[in-house]
Amino acid sequence: MPTDTKPKVATARRVTAELQHQIEQHYYTEARMLQDELFREWLEQLVAPDIHYWLPVYEQRFRRDKRPAPTPDDAAIYNDDYAMLKMRVERLYTGQVWMEDPPSRIRYSISNVEAYHTEIPGELQVYSNFTIQRHRRQTEHYTHTGGRQDLLRQDGTTFKLARRKIDLDARVVQDKNLYFFA
Amino acid sequence: MLDLDELVNNDGSEQSREIFWNQDLYQLEIERIFSRCWLFLTHESLIPKYGDFVSARMAEEEIIVCRQKDDTIRAFINSCTHRGNQVCHAESGNARAFICNYHGWAYGTDGALVDIPLEQRCNAQVNKEDCGLPQVRVESYRGFLYGCFDAEAPNLEEYLGEFGWLLDTWMIGAGNGVELLGPPSKSVLDCNWKVPAENFVGDAYHVGWTHAAALEVMGGELAGLAGNRADMPFDDMGKQFTTRHGHGFGVINNAATSIHIDRADYDTFMAEQLPKVAENLGEARADLFNGHWNCTLFPNNSFLYGTNTFKVWHPRGPHQIEVWSWTLVHKDMDRELRKKIQIGAAFTFGTAGTLEADDGENMMTCTHSNRGSVTRRGTLRSTMGLNHEGPHPDYPGIVGASFIGETSYRGFYRFYKEILKAQSWDAVRDNDDSWDSTFENRDFWKNRPTAS
Ligand code: FES
Ligand SMILES: [Fe+2]
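Residues numbered from 1 in each chain as written. Chains lettered and ligands numbered in written order. Predicted model: local features only at pLDDT ≥ 70, side-chain atom pairs only at ≥ 80, totals over all residues. Heavy atoms only, no water.

(A) Representation of the sheet that holds strand β17 (residues 309–315) of chain B. Read from one edge to the other, the open sheet built from 10 strands follows the order β8(A)-β12(B)-β18(B)-β17(B)-β16(B)-β15(B)-β14(B)-β13(B)-β21(B)-β20(B), with strand pairing classed as mixed. Unpaired on one side and paired on the other, β8 (172–173) of chain A together with β20 (389–391) of chain B mark the two borders of the sheet. With 3 bridges joining them, β20 of chain B and strand β21 (residues 398–400) of chain B adopt antiparallel strand pairing. Pairing of G390 of chain B across the sheet is with V399 of chain B, part of β21 of chain B. On top of the sheet, helix α12 (residues 407–421) of chain B reaches β13 (238–242), β14 (248–252), β15 (292–297), β20 and β21 of chain B; it is set at about 5° to β13 of chain B, its chief contact. (Pairing = 2+ DSSP bridges. Helix = DSSP H or I, 4+ residues; strand = E, 2+ residues; numbered from the N terminus. Contact = heavy atoms within 4.5 Å. Axes fitted to C-alpha atoms, helices over the stretch in contact; angles between N-to-C directions.)

Here it is in structure tokens:
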């Protein structure tokens, strides 16, 4: 299922308040794991083996421009499967990532969580917004805002991330890299 | 006042720390380098049809590059000749005209001023012929479009000189050459533009240390370099090149595809291309075709052939750049392979790249540690491999013995000093026959019987 499908809000079935609560709590746990550098646990426990993790490059075009929005066949900053995410994670455990030593700080605020059932039982289409603050070294500070479109799979009482499309608001990235998991 | 002779020594092996900090020097660089050299704009394949345009940049100037009805390409300054407003805010598209948002002056796809609203009724008193968007010289090398502000500058082919012969290794290759996939990713980095330019022109030295983490996880031939632990026959594993006008690169033999994680199809493709490259261009360049290249085309266009990333470092003052990155692919690659290459290049050298992420902080602090005026009195050095280099029997320019060395740093800074000092391109032309005399060991390759 492509991650950029707009929800048919009128017809799509919203999740119950209880499920909504579970999803929000899941996102907070995910954020805390990433803040605490529990990258392996994040990948093993929260990410599905068939993940597509995608952050496309958006060009600023005129409204009249009829070219389609980017697809996974186009330029991207992340266009990762599980094996690629795993390499990104494992790199952080080599002890040789000099720019993370001393470690930097990252903090996530997740909001605007909006969840719908898809046609497939146990699969949920979830929208959310993020603000990510990175602090490095003495005074470096970067803020990233954007939205996420996730496909979550219910897995008992928890969820696995099967698709994530990240829409970063900044066209020109105001940071030396985007090597973090949004 | 700036003493240019104090900034860089004669052979380019020592530089004052001022080069990464000084505001006056930056202004001089804008005038004497960025206003006189050929700067990368875009690739022809990204504007295939009449009216297709991209917004490009030449240092701090905003530029529109547009394909014309007769299939030629024009470039002009993206700033209205009325009150200076930026005329086009889209990064790319197809246009029949560019209309200014402020008062509605309309320019054709060739940059000519075609309409002034209320011109007659309100007595505009403007001679339209004189008020087109200022044109910029634009020329193509194998489809790569470069712009130049200086009418006296050599044409692009002469500016590249022997570097063009080397680039033909893959810009012609098996016949059809290469092109770029866009749109470029863009990011801001707080560093002087020369830090990444010198890094790409000749810094294989940092690969094993800066990128140890990524190499260890990703494996491949270069993993052996990780942590600088290996005892390797560095002199037989590659070379460095510097040519006229400061262009240069380092090549690691037989490592073209080595940083790609999903590379089986790429390896097959390269193996198929190689005999045709040898037939077209000869064995000397066929050897280079299979290597991994880190290059800078002077001043600020850097690329990694093999890893497929193609970049411009746009200066934004002395302490900041904007990085624009495209993906470099062979035209003969099919859709599937192009996609793999594009994903692989982003994975390593995109904005979130596993290797790119290692470089940013080095580049930033190499710049900002010079803000202290006492620190700034110091000197920086690029002496590695000095005199282990010279004219080569098979290749043009000056060739250094090992891919780990600073030959092409010296070539870059030697020309940097030359063009900063030169009053005009004619003064640069006067040195065309003697530019490489600072590389003094003329018989290095002759006296090296095992050299190939
Ligand atoms: S500034 Fe462009 S029309 Fe006036
Ligand atoms: Fe690097």
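(B) Broad picture of the pairing of strand β3 (residues 76–80) of chain A. All names here are of chain A. When you tally the buried positions in β3, you get 5 out of 5 residues, the bulk of the element. Looking at chain direction, strand β2 (residues 47–56) and β3 are connected through 4 bridges and run antiparallel. Paired with Y53 across the strands is D80, a residue of β3. (Buried < 20%, exposed > 50% of the residue type's maximum accessible area, 1.4 Å probe, protein only.)

(C) Geometry of the interface of chain A and chain B. With 41 residues of chain A at the contact, the number on the chain B side is 44 residues. Between chain A and chain B the total buried area reaches about 3,500 Å² when both faces are included, carbon and sulfur atoms providing 58% of it. Counting across the interface, chain A meets chain B through 6 salt bridges. Across the pair R91 of chain A and D358 of chain B runs a salt bridge, and its minimum N-O distance is 2.5 Å. Linking chain A with chain B are 17 residue pairs in polar contact (both at pLDDT 80 or more). At the level of secondary structure, the elements contributing two or more residues to the side of chain A that touches chain B comprise β3, α3 (82–91), β6 (140–155) and β8 of chain A. Grouping the constituent residues of the side of chain A that touches chain B by class yields 18 nonpolar, 6 polar and 17 charged. Here 2 bridges tie β8 of chain A to strand β12 (residues 178–189) of chain B, and the two strands are oriented parallel to one another. Bridging from a neighbouring strand, V172 of chain A pairs with K186 of chain B of β12 of chain B. (Buried area = accessible area lost by both parts, 1.4 Å probe. Salt bridge = Lys/Arg side-chain N within 4 Å of Asp/Glu carboxyl O. Polar contact = N/O pair within 3.5 Å; in protein donor to acceptor, adjacent residues only side chain to side chain. Nonpolar A, V, L, I, M, F, W, Y, C, P; charged D, E, K, R; others polar.)

(D) Broad picture of the pattern of salt bridges. All names here are of chain B. In total, this model carries 44 salt bridges over all chains according to the counting rule given. Residue R57 is joined to E322 by a salt bridge in which the shortest nitrogen-to-oxygen separation is 3.1 Å. You can see R57 sitting in strand β3 (residues 52–58) and its partner E322 sitting in strand β18 (residues 321–330), a full 265 residues away along the chain. The class for R57 is buried, based on a relative accessible area of 13%. Judged by relative accessible area, E322 falls into the buried class, the value being 3%. Between K186 and E91 there is a salt bridge, with its nearest N and O atoms 2.9 Å apart. Remark: E91 occurs in the loop between β5 (73–77) and β6 (92–94) and K186 occurs in strand β12; sequence separation between them is 95 residues.

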